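# Descriptive structure summary
Below are the chains, spelled out letter by letter.
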Amino acid sequence: MLNKEQNDKFIILCKEIVPEYILRTENDGFLMGDFRDKEIFSCFYQYDNANINFVFARLHFTINEWIKEYSSRFKSGNRYIRSGDRGELNHFQNILSQFIKFFGKIGIEFNVNPDYRKLIFEGSEEINNAEGYIVGENFDLPNLIIDEPIFTLVSGNKFEHIRFLIFGAARTKPDIIVKDVLDGNLKVLNDSDVLVYDDEIKESLTYADFKIWWSKNKNKYSWYTPTSQMNEIELQVQEYYRQHYSDDIFPVLIPQVYLHYDPKDKETRRKYKYNENLIFQRMDFLILYKNRRVIIEIDGETHTPEKNLERYSKQLEYDRTMRFLGYDIFRLGGYELTKNFEKTVKDFFENLMQYLKVNQ
């Protein structure tokens, strides 16, 4: 789940933000409390990282102890939150905030049970604003969670099902057959006309990854020339990106990628009973980075409502659909690129790198 560098950073983070009484073990000679009790929730945290499992289980135990303490006090009518316990709740808030930020940077979603999250974030604010730190009857504590985890991590690799990328195809349409319908096993017959990236894609497709693939396939694809596949503006955008963002850490700007596919052309499809036509089959550029799928389109005048209102409406519908599916779509106007190319692409890619949080 974490590589060595990420694991080292996680350990440093925990030592900085997690209180010592949570991290200490029985071997440290810290004798207050029963360490066996502190490990009671370990069964819920079985990630492939012992440090994550240890900290999550200990946090689960400690937060539950906080809730148990005040559930008992509230029942007796005492609704005053002690100073040390207010501080402890603030500790929890800081820990969870830092974990959300840390895991988010490496493309892993860190989730907290909604009831516990409400207590730690909204509840601590309510306590701090309460007169004399005495909370009212409307301040509720969540029910204890003892039969499931309160923290979950969603795996960072959202590209694990990508079998390959078909790209570099603008003049010639891919000729694809389905070798195994059940497994979705496809084969591109005309790989002398299109490029097929078939290496595993993890959480990103960077230039470092692409160079490895290209070194294995450059003889096979020696025929490829971008000038025959892209128009002038697209070539300029790709060249600008290559000049400024081609170090190994940067995501590859992949040109002319097929995302949708209809084996029949528009005219042929109209002759059939089922004549639904996929208008947008190929995108101008694609970036895969830290589990984000970014589509970049260079729009000419045919994409405007003045020239073709029906197509423009379908484009808006398509963009909405793709966003719901988790894609980011950015469109650059051919007009702005023609009139002020340098400023337009400079501002766009600088903002995009910041949005993707590329560590330059």
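Scroll up to find the structure.
About the cut-offs
Per chain, the residues get numbers from 1 upward, laid out in the order the sequence is written. It should be noted that, the model being predicted, local features are given only for residues of pLDDT at least 70 and side-chain atom pairs only at 80 or more, the latter also being counted only at that level, while totals for whole chains, interfaces and linings use all residues. Side-chain numbers here rest on the full set of heavy atoms in the structure, without hydrogens or water. Helix and strand labels come from DSSP, where a helix needs a run of H or I of at least four residues and a strand needs a run of E of at least two; each type is numbered from the N terminus. Relative accessible area decides the class of each residue, using a 1.4 Å probe on protein chains only: under 20% of the type maximum gives buried, over 50% gives exposed, and in between gives partly exposed. Any two rings among Phe, Tyr and Trp, with Trp reduced to its six-membered ring, count as a pair given centres within 6.5 Å; such a pair is stacked if its planes are under 30 degrees apart, edge-to-face if over 60, and tilted if neither. One side-chain nitrogen of Lys or Arg within 4 Å of one carboxyl oxygen of Asp or Glu is enough to make a salt bridge. Expected helix span is taken as 1.5 Å per residue step, with the number of steps being one fewer than the number of residues. Pairs of residues are marked as contacts when any of their non-hydrogen atoms sit within 4.5 Å. Think of the arc as the fan of directions from the helix axis to the C-beta atoms. Criterion used throughout: strands pair if DSSP finds at least two bridges between them. Each axis is a line fitted through C-alpha atoms, taken for helices only over the stretch in contact, and angles between the N-to-C directions span 0 to 180 degrees. Working convention for charge: Lys and Arg count positive, Asp and Glu count negative, and His plus the chain ends are omitted. Polar contacts here mean pairs of N or O atoms no more than 3.5 Å apart (in protein, one a potential hydrogen donor and the other a potential acceptor; neighbouring residues in sequence count only if both atoms are side-chain atoms). An angle below 35 degrees is read as roughly parallel, one above 145 as roughly antiparallel, one from 65 to 115 as roughly perpendicular, and any other as oblique. Crossings are assigned a handedness: left-handed for a near helix turned anticlockwise from the far helix by less than a right angle, right-handed for a clockwise turn. All residues other than Ala, Val, Leu, Ile, Met, Phe, Trp, Tyr, Cys, Pro, Asp, Glu, Lys and Arg, Gly among them, are scored as polar; the first ten of these are nonpolar and the last four charged.

## Description of the overall build of the protein chain
Scanning the protein chain for helices and strands turns up twelve helices and ten strands. Evaluated residue by residue, the protein chain yields a buried proportion of 42% over its 360 residues.

## Section: the packing of aromatic side chains
In total, this model carries 39 aromatic pairs according to the counting rule given. Relative to Phe99, the ring of Phe56 lies with its centre 6.1 Å away and its plane at 45 degrees, an arrangement referred to as tilted. Of the two residues, Phe56 sits in helix α4 (residues 50–75) while Phe99 sits in helix α5 (residues 83–105), which places them 43 residues apart along the sequence. Considered together, Phe56 and Phe99 belong to a single accessibility category, that of buried residues.

## What about the pattern of salt bridges?
Here the structure, examined in full by the defined rule, presents 16 salt bridges. A salt bridge links Asp85 to Arg82, with the nearest nitrogen and oxygen atoms 2.9 Å apart. Looking at Asp85, the relative accessible area reads 12%, which means it is buried. Asp319 serves as the salt-bridge partner of Arg331, at 2.9 Å between the closest nitrogen and oxygen. Separated by twelve residues along the polypeptide, Arg331 in strand β10 (residues 327–333) and Asp319 in helix α10 (residues 309–324) bring together distant segments of the chain. Within the structure, one salt-bridge network assembled from shared partners comprises Glu69, Arg73, Arg82 and Asp85.

## Re α5
At 3.6 residues per turn, the α-helix brings residues three or four places apart onto the same side. Here α5 contains 23 residues, and its C-alpha end-to-end distance of 33 Å stays within 8% of the 33 Å for a straight helix at 1.5 Å per residue. Turning to α5, its buried residues number three or more, namely Asp85, Arg86, Glu88, Leu89, Phe92, Gln93, Ile95, Leu96, Phe99, Phe102 and Phe103. Contacts made by the buried residues of α5 are with α1 (4–17), α2 (20–23), α4, β1 (109–112), α6 (114–129) and β2 (151–154). Once α5 ends, the next one or two residues include Gly107, with phi positive near 80 degrees.

## Here we look at unusual backbone geometry
In the Ramachandran plot, Tyr133 falls in the positive-phi region, its phi being about 60 degrees despite a non-glycine side chain. On the secondary structure map, Tyr133 appears in the loop between α6 and β2. Positive phi is not limited to glycine here, since Asn291 has a value of about 70 degrees. For Asn291, the location among the structural elements is in the loop between β8 (282–289) and β9 (292–299). According to the relative accessible area criterion, Asn291 is buried, its value standing at 10%.

## Some thoughts on helix α8 (residues 232–244)
Spanning 13 residues, α8 covers 19 Å between terminal C-alpha atoms, matching the ideal 18 Å at 1.5 Å per step. Along α8, the residues that are buried comprise Ile233, Glu234, Val237, Gln238, Tyr240 and Tyr241. The buried residues of α8 occupy an angular sector of 155 degrees when the element is viewed end-on, so they sit on one face. Turned more than 90 degrees from where α8 packs its buried face, Glu232 and Gln243 sit exposed. Against α7 (207–217), β7 (254–258), β8, β9, α11 (334–339) and α12 (341–356) lie the buried residues of α8.

## Let's talk about the sheet that holds β8
If you walk across this open sheet you meet the four strands as β7-β8-β9-β10, and the pairing is mixed. The sheet is open, and its two edges are formed by β7 and β10, each paired on a single side. Averaged over neighbouring strand pairs, the angle between their axes works out to 40 degrees when direction is ignored. Helix-sheet contacts for α12 involve β8, β9 and β10, and the interaxial angle to β9 is about 170 degrees.

## Considering the side chain of Asp284
Mapping Asp284 onto the fold places it in strand β8. We note that Asp284 is buried and unpaired, the nearest opposite charge coming from Arg282 at a distance of 4.5 Å. A polar contact of 2.7 Å, which involves the side chain of Asp284, links it to the backbone nitrogen of Ile298. Excluding residues within four positions of it along the chain, Asp284 makes contact with Glu234, Ile254, Pro255, Gln256, Ile296, Glu297 and Ile298.

## Here's the deal with the environment of Phe61
Looking at where Phe61 falls in the secondary structure, it is placed in helix α4. In sequence terms Phe61 and Ile40 are 21 residues apart; their C-alpha atoms lie 7.5 Å from each other.

## Side note on the packing of α4 against α6
For any two helices packed against each other, one specifies the inter-axial angle together with the distance between the axes. Between α4 and α6, the least distance of the axes is 12 Å, while the angle of their chain directions is 55 degrees. The angle between α4 and α6 places the two elements in the oblique class. Taken as a pair, α4 and α6 cross one another with a handedness that is left-handed. Packed against α4, whose contacting residues are Ile63, Asn64, Trp66 and Ile67, the element α6 presents Tyr116, Leu119, Ile120 and Ile127 at the interface. Taken together, the residues that form the contact of α4 with α6 break down as seven nonpolar, one polar and no charged.

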